Amino acid sequence: LLTPMINISVIILQKNEALHIKRCLEKLAPLEPRQIFVVDCFSTDGSDKTAAEMGAAVVQREWPGLYAKQFNWALDNLPIEGEWILRLDADEYLTPETIERLKAAFSDGSLRDVDGLTLELKRKFLGGEIHYGTNGIRLLRIWRKGRGRLEDRAMDEHAIVEGVVVDFEGAFFDDNLNSFDWWQDKHRGYAKREAIDAVSLFNDPQRLANPSATDRKKIRYYKLPRYFRAVAYFCIRYFLKRGFLDGRAGWRWHFWQGLWYRWLVDREIGKLVISR
């Protein structure tokens, strides 16, 4: 798998990702990165062995409770040699076109004065690709070593990079193959964490006074009435942003992730407020 061509180190966090890790590494192979690290939380499904057999350096560490804490630990403690760092999850993968563009950009020197790259996020949900409603989202997934870290927060942790960040003409897919029941259970946990983060935001004068880009969006959203905002968010995605054009896949995605999940978050916020 590893025949170094691109001076980039890849970091992947995982636990029990047998459905995804092989696909992730196979699709990553054409990039020919200098290093691939898989930080594994003592998987029991053999995915750690699969990663090692495919050439990744597997480092096992207990889950510290938050994604950002685990990833920042990796940044601080792994023997990273690459000039650049690529962040991926096991259920994500770069598109072939993105890999070719990255190889060209790294070889022609066009990134000489750049410190971070955003990529477009593409999604598949229950087997169907989502083109409308949540398209156009860009995430900072590649940055120079030593220039970036993840926000230390419970949910929606983003990379913060010092220096020049540009939008790269490339994309990656979020394509989880687990069952719908698994997805629901995971998002019930997400809802609890998102609620904690939302309540913490409005109780933190420093975050309110100097909000990050993510916090600014959250502040606008959470100032709307509880539950109404979930319905409004769904209507904007499904009708105004034409999520319905994706047919059955679009309905599933926007109903479950846009309405059901956001409704759960508001319910959890209500529990937190009442308990206080």
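Here we summarise the structure given alongside this text. The structure displayed is predicted, hence computed values, not measured ones.

The next thing to look at is the pattern of salt bridges. Going through the model one piece at a time under the given rule, you end up with 24 salt bridges. Glu92 is the partner of Arg141 in a salt bridge, and the nearest nitrogen-oxygen pair spans 2.7 Å. Taken as a pair, Arg141 in strand S8 (residues 138–144) and Glu92 in strand S5 (residues 92–94) lie far apart in primary sequence, 49 residues in all. The exposure class assigned to Glu92 is buried, which follows from its relative accessible area of 3%. The shortest N-O distance in the salt bridge between Asp156 and Lys218 comes to 3.0 Å. Here Asp156 is found in the loop between strand S9 (148–150) and strand S10 (159–161), whereas its partner Lys218 is found in helix H7 (residues 213–222), with 62 residues between them in sequence. Where salt bridges share partners, they join Glu151, Arg153, Asp197, Arg207 and Asp215 into one cluster.

Let us now look at the pairing of strand S6 (residues 116–125). Looking down a regular strand, the side chains alternate between one sheet face and the other. Among the ten residues that make up S6, seven are buried, leaving the element largely enclosed by the rest of the structure. Bridge analysis of S6 against S8 gives five bridges, and the strand direction is antiparallel. In the sheet register, Thr118 faces S8, and the bridge partner there is Leu140. Where S6 meets strand S11 (residues 165–175), eight bridges bridge the pair, whose relative direction is parallel. Paired with Lys124 across the two strands is Asp175, which belongs to S11. Of the pairings in the sheet, the one linking S6 to strand S7 (residues 128–130) comprises three bridges and is antiparallel in character. Following the sheet pairing, Phe125 is matched in S7 by Gly128.

All of the buried residues in H7 are Thr214, Asp215, Lys218, Ile219, Tyr221 and Tyr222. With its buried residues spanning 165° around the axis, H7 presents them on a single face. Facing away from the buried side of H7 by more than 90 degrees, the exposed set consists of Lys217 and Arg220.

As for its position among the elements, Asp197 is in helix H5 (residues 180–202). Given a relative accessible area of 4%, Asp197 falls into the buried group. Excluding residues within four positions of it along the chain, Asp197 makes contact with Arg153, Ala154, Arg207 and Lys218.

Let's shift gears to unusual backbone geometry. Positive phi is not limited to glycine here, since Asn16 has a value of about 55°. You will see that Asp156, though not glycine, has its phi angle at about 55°, which is positive. Assessed through its relative accessible area of 31%, Asp156 is described here as partly exposed.

What follows covers the nonpolar core. Generally speaking, a soluble globular protein has its nonpolar side chains buried in company with each other. By size, the foremost hydrophobic cluster in this structure holds 32 residues, and its most contacted members are Ile12, Leu31, Leu86 and Leu94. Contacts of Leu31, omitting those with residues within four sequence positions, involve Ile6, Ile8, Leu86, Leu94, Ile99, Leu102 and Lys103. If you look at the next biggest cluster of nonpolar residues, it comprises 21 residues, including Ile130, Ala191, Tyr238 and Leu264.

Analysis parameters
Residues numbered from 1 in each chain as written. Predicted model: local features only at pLDDT ≥ 70, side-chain atom pairs only at ≥ 80, totals over all residues. Heavy atoms only, no water. Salt bridge = Lys/Arg side-chain N within 4 Å of Asp/Glu carboxyl O. Helix = DSSP H or I, 4+ residues; strand = E, 2+ residues; numbered from the N terminus. Buried < 20%, exposed > 50% of the residue type's maximum accessible area, 1.4 Å probe, protein only. Pairing = 2+ DSSP bridges. Arc of directions from axis to C-beta. Contact = heavy atoms within 4.5 Å. Core = buried A, V, L, I, M, F, W, Y, C linked by side-chain atoms within 4.5 Å.

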